[in-house]
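Observations on the three-dimensional arrangement
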Amino acid sequence: MRDLKHLIYFENLLENADNELVKQAQADGKLAVGYTCYHVPEALLNVGNCFSVRLRAPRTGSLDIATYYMSNYTCEFARALVERGMEGGFQFLDALAGVDACSMMNRAMEHFEILQLNNFFVSHCDIPYKITDYTLDSYVSQMRIHVLDELKNRYGVDTSDDAIRAAVAQHNEVCRIISEIGEMRKADNPVITGYEFHVLNLVTYTCPKDLILPYLRETLEELKARQPDEKPAFRARVAIVGSEIDDPQLTKLIEGCGALVVSDRYCFGSTPGREVIELKDDEDPLRQLCLHVMQHSECARYIADEKVQQRRDTADRLAREFKADGIIYEQMKYCDYWGFERALVSYIMHEEYNWPVLSIDRLYNNGNSGQLRTRVQAFVESLEIKRIQKNGGTK
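An account of the accompanying structure is given in this report. (Residues numbered from 1 in each chain as written. Predicted model: local features only at pLDDT ≥ 70, side-chain atom pairs only at ≥ 80, totals over all residues. Heavy atoms only, no water.)

1. Digging into helix H5 (residues 103–114)
The cut-off we apply is this: The numbering of helices and of strands both runs from the N terminus, where a helix is a DSSP run of H or I of at least 4 residues and a strand a run of E of at least 2. A helix is expected to span 1.5 Å multiplied by its residue count minus one. Buried residues are those whose accessible area, probed at 1.4 Å on protein chains only, stays under 20% of the maximum for their type, while exposed residues exceed 50% and partly exposed ones sit between those limits.
The terminal C-alpha atoms of H5 lie 16 Å apart, and with 12 residues this matches the ideal 16 Å at 1.5 Å per residue to within 8%. Those residues of H5 that sit buried are Met104, Met105, Asn106, Ala108, Met109, His111 and Phe112. Positive backbone phi, approximately 55°, marks Gln116, located one or two places after H5.

2. Concerning the pairing of strand E8 (residues 357–362)
Selection rule: At least two DSSP bridges between two strands are required for those strands to pair.
Relative to E8, strand E7 (residues 326–332) runs parallel, the two being bridged by 6 bridges. Within E8, the position partnered with Gln331 by the bridge is Asp361.

3. Examining the environment of Tyr38
As a reminder of what qualifies: By definition in these notes, contact holds between two residues if any of their heavy atoms fall within 4.5 Å.
Along the chain, Tyr38 falls in the loop between strand E1 (31–35) and strand E2 (50–54). Taking the relative accessible area as the measure of exposure, Tyr38 reaches 15% and is therefore buried. Once the C-alpha coordinates of Tyr38 and Val203 are considered, the two residues, 165 residues apart in sequence, prove to be 15 Å apart. Those residues in contact with Tyr38 that lie beyond four places of it in its chain are Arg54, Pro272, Gly273, His292, Val293, His296 and Ser297.

4. What about the packing of helix H7 (residues 161–183) against helix H9 (residues 209–225)?
Convention followed: The convention used is that axes are lines fitted to C-alpha atoms, helices contributing only their stretch in contact, and that angles between N-to-C directions extend from 0 to 180 degrees. Each angle gets one of four labels, with under 35 degrees taken as roughly parallel, over 145 as roughly antiparallel, 65 to 115 as roughly perpendicular, and the rest as oblique. By definition, any crossing whose near helix is turned counterclockwise from its far helix by less than a right angle is left-handed, and any crossing with a clockwise turn is right-handed. Residue type decides the class: Asp, Glu, Lys and Arg count as charged, Ala, Val, Leu, Ile, Met, Phe, Trp, Tyr, Cys and Pro as nonpolar, and the leftover types, Gly among them, as polar.
It is the contact of H7 with H9, at a shortest axis distance of 10 Å, that shows an interaxial angle of 25°. By the angle between their directions, the pair H7 and H9 is classed as roughly parallel. Note that H7 runs across H9; the crossing there is left-handed. Contacts from Gln170, Glu173, Val174, Ile177, Glu180 and Ile181 of H7 reach H9 at Lys209, Asp210, Leu213, Leu216, Arg217, Leu220, Leu223 and Lys224. Here the contact of H7 with H9 is built from residues that sort into 7 nonpolar, 1 polar and 6 charged.

5. So, the environment of Leu55
In this structure, Leu55 sits in the loop between E2 and helix H3 (64–70). Looking at Leu55, the relative accessible area reads 0%, which means it is buried. On a C-alpha basis, the gap between Leu55 and Arg185 in space is 27 Å, while along the polypeptide they are 130 residues apart. Not counting the four nearest positions on each side in its chain, Leu55 is found in contact with Gly34, Tyr35, Thr36, Phe77, Leu81, Phe90, Leu93, Leu96 and Phe268.

6. Concerning the pairing of strand E4 (residues 121–126)
In terms of strand pairing, strand E3 (residues 95–100) meets E4 through 6 bridges, oriented parallel. Its bridge partner being in E4, Ala97 is matched across the sheet by Ser123.

Laid out in structure tokens, this is it:
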């Protein structure tokens with residue numbers, strides 16, 4: 001297929017946390033608010049003159065210093081952020097909205113303060129384990145006190161209900177574009193690859209919304225007119241489910257093995273994160289926003305039976321809707337929540353839902369992993385064999 005006009009530009013934006021558009025927004029007087037987790041509602045960080053930057057540590061090399069402070073049994077994503085913070089990579093931020101979603105990320109946020117890696121304030125928010133009236137009340141209070149009130153008191157940010165609704169409206173435009181592009185992956189021969197979609201989705205998390213939107217609108221129109229290759233370049237279709245993936249090179253590795261990635265149910269993916277948020281006019285927008293996040297969260301932190309079942313049903317639904325041949329369950333090494341989830345549910349999805357499943361634990365950066373490449377290649381071959389057997393011996 002013909003290369004997307006802005007793909008190289010999008011890739012360059014992902015090279016550093018303080019990318020070109022972040023610098024442009026700050027030069028215009030806007031405040032950069034960093035965050036790491038879906039449980040801090042993204043729209044809240046875009047109220048008034050603020051814009052959100054979901055933190056990554058691209059091109060991470062050695063984690064030796066962060067490992068000294070955090071031990072080598074903590075998740076590499078958390079360690080990579082601390083390492084990059086020690087290198088001064090996040091000094092551009094005006095605030096960091098931290099969450100106590102897992103002990104490792106909580107430790108990372110604490111180290112930003114203890115080691116004085118920042119010239120910005122760090123907030124800490126407690127995140128619920130299940131959906132009830134009292135956990136929702138607590139969640140709303142956390143977001144009000146530790147996010148909105150902090151921004152208002154420190155920087156004079158407009159955190160009114162009107163400002164929240166305006167931020168949600170802008171957020172929804174991004175979601176509609178990404179969702180429409182995502183739907184194109186349901187085609188038998190899609191006009192977009194999983195790698196391209198991964199890059200597109202990542203820039204929406206890491207760039208100011210108002211500055212990235214013109215590029216997204218143009219790319220959507222470009223894709224509508226794009227013609228796919230006459231013969232599909234991939235031998236199988238897979239859905240990915242699991243923990244944090246902010247490195248498009250992992251998707252490129254999988255697709256280099258012949259498996260088109262058609263669904264992304266992981267942290268930093270489009271599910272959850274790119275669903276349109278419907279707000280009612282006669283209800284508190286903050287409470288509605290928090291409830292939306294709780295209801296749509298697919299995080300393994302939620303331990304209530306209905307949320308456990310929701311995660312399995314979502315994985316099954318997405319794989320079917322996007323015509324996947326199999327599912328890849330992945331987990332960042334030493335991720336407590338997804339370590340349990342992956343081990344159990346990868347078995348359940350195979351035995352009870354009848355899906356071919358590849359179960360992997362991985363490092364933070366895996367773009368050049370020969371071992372992982374070999375496992376994916378073997379999985380793709382097994383999917384091909386199953387398809388041939390299903391079709392009576394013909395491809």
